[in-house]
Amino acid sequence: MTNENTVYLSMGSNMGNRLSFLKYAAKCMKEDVNISLTRYSSIYETAPIGYTDQENFLNMVIELKTSYSPLQLLSRTQKIQDNAGREYNIRWGPRTLDLDILLYNHENIKMEQLIVPHPRMFERGFVIIPLREVNPVLYFPSIEKSIDAVYEQLRDKEGVYLWKKPFGEEEFGHSES
Ligand SMILES: Nc1ncnc2c1ncn2[C@@H]1O[C@H](COP(=O)(O)OP(=O)(O)OP(=O)(O)O)[C@@H](O)[C@H]1O
Ligand SMILES: Nc1nc2c(c(=O)[nH]1)N=C(CO)CN2
């Protein structure tokens, strides 16, 4: 089966060993024959948005190719979150691992369980900054804007600090240095 759909996924963690949860998520996806990881952003340390009385997050974005349908991919990412000990308590509250599907090709999906493009992505510095690093020429047909235009309009650019350059091969099976 060919992994032909292009997906951008946001990953975040603000509990426990944050880096190891991000690595765990990437490892699970790398081991899945229906997913090929193609690009990784750097990792950013970010101030919490939404519910602010919690620890800073580590956030990053990955690009992947997959043969999964959007709902199949959602169920896969939810399983990975569950296996990372994710509990569902406070809305926007602390979590070991959060995986959000940002974009699935250029599709507009509005289902009960899944909305793509992710409805809050365009106002989130912790999403747009790493996404722009992974693909600086993205265009969003749903809002008729380029990623540069979205970046320029971001209000919460502050609070997003480079924490670590893209993973090295030894850590993550990633060839970029
Ligand atoms: N694009 C999407 N990616 C991941 N989950 C989504 C998406 N669209 C809708 N959902 C739904 O959102 C539900 C809640 O997800 P979650 O608890 O991770 O939200 P959150 O991360 O706290 O908040 P936010 O969605 O603002 O990032 C999930 O059960 C899932 O069905
Ligand atoms: N900085 C930051 N803030 C958040 C994050 C996140 O990943 N990073 N995720 C949230 C729920 O999706 C709520 N707030």
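Residues numbered from 1 in each chain as written. Chains lettered and ligands numbered in written order. Predicted model: local features only at pLDDT ≥ 70, side-chain atom pairs only at ≥ 80, totals over all residues. Heavy atoms only, no water.

- The name given to the protein chain in an unreviewed UniProt entry is 2-amino-4-hydroxy-6-hydroxymethyldihydropteridine diphosphokinase, with Anaerobacillus alkalilacustris as the source organism.
- The record in UniProt for the protein chain states the following under Catalytic activity (unreviewed entry): "6-hydroxymethyl-7,8-dihydropterin + ATP = (7,8-dihydropterin-6-yl)methyl diphosphate + AMP + H(+)".
- The annotation that UniProt attaches to the protein chain under Pathway (unreviewed entry) is "Cofactor biosynthesis; tetrahydrofolate biosynthesis; 2-amino-4-hydroxy-6-hydroxymethyl-7,8-dihydropteridine diphosphate from 7,8-dihydroneopterin triphosphate: step 4/4." (UniProt positions renumbered as here; feature names shortened; annotations may be inferred.)

**Quick word on the overall build of the protein chain**
And step 1. Tallying secondary structure elements over the protein chain gives five helices and 10 strands in all.
And step 2. Its C-alpha atoms give the protein chain a radius of gyration of 15 Å, within 12% of the compact-globule value 16 Å for 177 residues.
And step 3. For the C-alpha atoms alone, the extent of the protein chain along its principal axes is close to 45 × 40 × 35 Å.
And step 4. Across the 177 residues that make up the protein chain, the buried fraction comes to 52%.
And step 5. The contacts of the protein chain with a sequence gap of at least 6 include a subset with a gap of at least 24, amounting to 68%.
And step 6. Accessible surface computed for the protein chain: about 9200 Å², of which carbon and sulfur atoms make up 48%.
And step 7. Each charge class in the protein chain was averaged separately, 20 positive and 24 negative side chains, and the resulting centres sit 1 Å apart. (Helix = DSSP H or I, 4+ residues; strand = E, 2+ residues; numbered from the N terminus. Rg over C-alpha atoms; globule rule 2.2 N^0.38 Å. Buried < 20%, exposed > 50% of the residue type's maximum accessible area, 1.4 Å probe, protein only. Contact = heavy atoms within 4.5 Å. Areas by Shrake-Rupley, 256 points an atom, 1.4 Å probe, with all protein chains shown as cover. Lys, Arg positive; Asp, Glu negative; His and termini not counted. Charge placed at Lys NZ, Arg CZ, Asp CG, Glu CD.)

**So, the packing of aromatic side chains**
And step 1. Summed over the entire model, instances satisfying the criterion amount to one aromatic pair.
And step 2. Between Phe122 and Phe140, the ring centres sit 4.9 Å apart and the planes meet at 70°, which makes this aromatic pair edge-to-face. Highlighted residues: Phe122 in the loop between β7 (115-116) and α3 (125-134) and Phe140 in strand β8 (residues 139-140), separated in sequence by 18 residues. Comparing Phe122 with Phe140 shows no difference in burial state: the two are buried. (Phe/Tyr/Trp six-rings, centres within 6.5 Å; stacked < 30°, edge-to-face > 60°.)

**Focus on the UniProt feature "domain: 7,8-dihydro-6-hydroxymethylpterin-pyrophosphokinase" (unreviewed entry) in the protein chain**
And step 1. Taken from the UniProt record, the annotation "domain: 7,8-dihydro-6-hydroxymethylpterin-pyrophosphokinase" (unreviewed entry) applies to residues 91-102.
And step 2. In residues 91-102, the share of helix is 0% and the share of strand is 42%. The end C-alpha atoms are 19 Å apart.

**Observations concerning helix α2 (residues 70-83)**
And step 1. The terminal C-alpha atoms of α2 lie 20 Å apart, and with 14 residues this matches the ideal 20 Å at 1.5 Å per residue to within 8%.
And step 2. Taken together, the buried positions of α2 are Pro70, Leu73, Leu74, Thr77, Ile80 and Gln81. For α2, the angular spread of buried residues about the axis comes to 125°, placing them on one side.
And step 3. Immediately beyond the C-terminal end of α2, within one or two residues, lies Gly85, with a positive phi of roughly 80°. (Expected span 1.5 Å × (residues − 1). Arc of directions from axis to C-beta.)

**Things to note about the pattern of salt bridges**
And step 1. As enumerated under the stated definition, the model contains six salt bridges in all.
And step 2. Close ionic contact of Asp98 with Arg95 constitutes a salt bridge, the shortest N to O distance being 3.3 Å.
And step 3. Accessibility expressed as a relative area gives 10% for Arg95, which makes it buried. (Salt bridge = Lys/Arg side-chain N within 4 Å of Asp/Glu carboxyl O.)

**Overview of the site of ligand 2**
And step 1. Taken together, Thr46, Ala47, Pro48, Ile49, Phe57, Asn59, Trp92, Arg95, Asp98 and Phe126 make up the full set of residues near ligand 2.
And step 2. For ligand 2, a nitrogen atom lies 2.8 Å from a polar atom in the backbone of Ala47.
And step 3. Taken together, the residues that form the shell around ligand 2 break down as six nonpolar, two polar and two charged. (Near = heavy atom within 4 Å. Polar contact = N/O pair within 3.5 Å; in protein donor to acceptor, adjacent residues only side chain to side chain. Nonpolar A, V, L, I, M, F, W, Y, C, P; charged D, E, K, R; others polar.)

**Let's talk about the site of ligand 1**
And step 1. Surveying the vicinity of ligand 1 reveals 15 residues, the closest of which are Trp92, Ile101, Gln113, Arg120 and Arg124.
And step 2. Side-chain polar atom of Arg95 to an oxygen atom of ligand 1: 2.9 Å apart, as the coordinates give it.
And step 3. Contact distances for ligand 1 include 2.6 Å between an oxygen atom and a backbone N or O atom of Gln113.
And step 4. Of all the secondary structure elements, the ones that give two or more residues to the shell around ligand 1 are α2, β5 (98-104) and β7.
And step 5. For the shell around ligand 1, the per-class residue count stands at six nonpolar, three polar and six charged.

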